[in-house]
Amino acid sequence: MNPSRDVAVIGGGAAGLMCAMEAGKRGRSVVVVEHGPRICRKVLISGGGRCNFTNLQTRPENFLSANPHFAKSALARYRPEDFLRMVERHAIPYHEKTLGQLFCDRSAADIVGMLERECAVAGVRIETTCEVSNVTRNGRFELHTARGAIEAESLVVATGGLSIPKTGATPFGYRLAEQFGLKVVPCRPALVPLTFSRADREKYGELAGVSALVTAETAGTVFREKMLFTHRGLSGPAILQASSYWGPESEIAIDLLPGVDLAALLRERREAGDRSEARTIVSRFLPRRLADRWFEIHNGSRPAAMLSDREVDAISAGFHRWTVKPAGTEGYEKAEVTAGGVDTAELSSKTFEAKQVPGLYFVGEVVDVTGHLGGFNFQWAWASGYSAGQYV
Ligand code: FDA
C-alpha cells in the first residue's frame, strides 16, 4: 500500500466513493479505506435491492438539519440529473416508480459497479477490510490501519450513520469529529418504524399486515402516504417519514380517511334512512379488518339511520384524527438513516471542509443532514461527495 496520498477517504459508501472519484478526476492521488469486506453494503440492500438512487423532485425542503439552509449549495451544484447522466452513460436500466423516485430495473449492484468503474478510471485505490484504529495530525493526517500507516494532505470522513450495524455502521466519524473539536448534533434513528405503547399494542397488534393510505402529522409536518400496522407498532412510508420529525413523548395525528368527509357522508346516509352499519360504510374506504377493529374498540357499530349527531362527530373524529403516542422507535436495527451528526455550523457548505481544521472534510450521512424517504439520502451522498471532491 502506497503510504502517502493527497487524499484519504474513510468509508467506502455512496458519499465516500463519489468524493474519491471526483478528486481522482482532478488528478489527486486518492485512497479509500473501508473496514468492511466490500464497499457500498448499504447501497446493495437499498430500495429493496433495487436502490432508489435519486429523486427528480429533490429540494432543500426534503432534508432535516439544525440548519435547513446548509444543504442548498451542494444540492444546487450536483443535481439528480447529473447523477442520472452518469447512470445513463453506464447504460444502467432504471425506472421512475412514483413521485420522482428513480430505481434500478435490475439491481443495486449496477450502481455499485458503476461507482467502482468510475473510481478505477479516476485512479482511486480502494482498500477493503482495512480498519482505521486512529488518526493523528502533524501537518498531514496520519491514519493508523491494520495494514500500516497512510499519510494524506486531506482527510475525508464518509463513515455514514449508525443504522443497520451489520452493514458496517460505526460511530467512528462522530468520534473523529469530536477528537478534532467539532460539535456533533445528538444522533437518533430516523425513517424508522414506531412502536405502540403496551395498551395500544393490545388494541391494534392484531391488525399486523393491514395497510391504508393516510396522512400522518407530527411537529407540524404532514405526509400523505401508506401506513402499515406491524405486530409491534406502525410502519410504512407515512410513518417512516413522520418518524424523522417525531420526538419521545410527542404524538402523531393520523387521518385514516384523507379526502373523505366522513361526517357529511354519515349524515347523508342517516337522512336517506340507510340501515347499513356505520362500519360497513367506513369499510368502503378502509380495509375491513381495520374498520371492524375500530368499531369493536369504540363500543360497536350501529346502523347509519340511527346515529345521533354526537355519534357521527365522534366516529368522524376517530377516523380523521387518530392520535397515537408511540412508546418509541424500532431503533438503529431497523432505521434507514441516522438524524443528527456532525454539526453543519462546523463545516463550509460549499467545500465540506471543517472551518477550524484545514484539510478535514465530512460528507454524506455522517453530517447533520437527513433526507426524506424516496432517494433523497443518496442524492445528499452524491451531492456532498461531489462538492467536497472538487476541493480535497
Ligand atoms: P454509507 O453508510 O453508505 O457508507 C459508509 C461506509 O463507511 C460504509 O461502507 C461503512 O462500512 C464504512 N465505515 C464505517 N465506519 C468505518 C470505519 N471506522 N472505518 C472504515 N470504514 C468505515 N437512501 C436512498 O436515498 N434510497 C434508498 O433506496 C435507500 N434505501 C435504504 C435501505 C436501507 C435498508 C438502509 C439502511 C438505508 C437506505 N438508504 C436509502 C439510506 C442510504 O443508504 C444512506 O443514506 C447512504 O448510504 C449514506 O451514504 P454514506 O456514504 O454517507 O454512508
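Residues numbered from 1 in each chain as written. Predicted model: local features only at pLDDT ≥ 70, side-chain atom pairs only at ≥ 80, totals over all residues. Heavy atoms only, no water.

> So what about the sheet that holds strand β6 (residues 101-104)? Which residues, and what values?
Here three strands make up an open sheet; going across it, the order is β3-β6-β5 and the pairing antiparallel. Whereas interior strands pair on both sides, the edge strands pair on one side only; in this sheet they are β3 (52-55) and β5 (94-96). With strand direction ignored, the average angle separating the axes of adjacent strands in the sheet is 25 degrees. Sheet topology places β3 next to β6; three bridges connect them, and they run antiparallel. Bridging across to β6, N55 finds its partner in Q101. Set on the sheet, helix α4 (residues 80-89) makes contact with β3, β5 and β6; between it and β3 the angle comes to about 140 degrees. (Pairing = 2+ DSSP bridges. Helix = DSSP H or I, 4+ residues; strand = E, 2+ residues; numbered from the N terminus. Axes fitted to C-alpha atoms, helices over the stretch in contact; angles between N-to-C directions. Contact = heavy atoms within 4.5 Å.)

> Describe in detail the pattern of salt bridges, supporting the description with residues and values.
This model, assessed by the stated rule, comprises 26 salt bridges. A salt bridge links R175 to E178, with the shortest nitrogen-to-oxygen separation between them at 3.2 Å. Of this pair, R175 and E178 both sit in helix α6 (residues 172-179), separated by three residues, roughly a single helical turn. Accessibility expressed as a relative area gives 41% for E178, which makes it partly exposed. The closest approach of N and O atoms between E277 and R279, which form a salt bridge, is 3.2 Å. (Salt bridge = Lys/Arg side-chain N within 4 Å of Asp/Glu carboxyl O. Buried < 20%, exposed > 50% of the residue type's maximum accessible area, 1.4 Å probe, protein only.)

> Go over the site of the ligand with me, naming the residues and quoting the values.
Taken together, the neighbourhood of the ligand is formed by 32 residues, with A15, E34, T170, E365 and F378 sitting nearest. Take E365: an N or O atom from its side chain is 2.7 Å from an oxygen atom of the ligand. For the ligand, the protein covers 94% of the area, taking 990 Å² as the surface of the free molecule. Looking at the shell around the ligand, the elements with two or more residues in it are α1 (14-25), α2 (41-45) and α13 (376-389). Of the residues forming the shell around the ligand, the biggest block, four residues, is contributed by α13. (Near = heavy atom within 4 Å. Polar contact = N/O pair within 3.5 Å; in protein donor to acceptor, adjacent residues only side chain to side chain. Areas by Shrake-Rupley, 256 points an atom, 1.4 Å probe, with all protein chains shown as cover.)

> Describe in detail the sheet that holds strand β12 (residues 194-195), supporting the description with residues and values.
Reading across the sheet, the seven strands line up as β17-β16-β13-β14-β15-β12-β18 and stay open at both edges, with antiparallel pairing between neighbours. Where the open sheet ends on each side, the last strands, each with one partner, are β17 (322-324) and β18 (328-329). Two strands pair when backbone bridges link them, and strand β16 (residues 252-255) and β17 are joined in this way by three bridges, in the antiparallel orientation. Its bridge partner being in β17, I254 is matched across the sheet by W322.

> Can you break down the pairing of strand β19 (residues 337-342) residue by residue, with the values?
For a regular strand, side chains alternate in direction, first toward one face of the sheet and then toward the other. Of all six residues that make up β19, six are buried, and the element is covered over most of its length. In the sheet, strand β11 (residues 184-190) pairs with β19 via five bridges, with the strands oriented antiparallel. Looking across to β19, one finds that R188 is bridged to A339.

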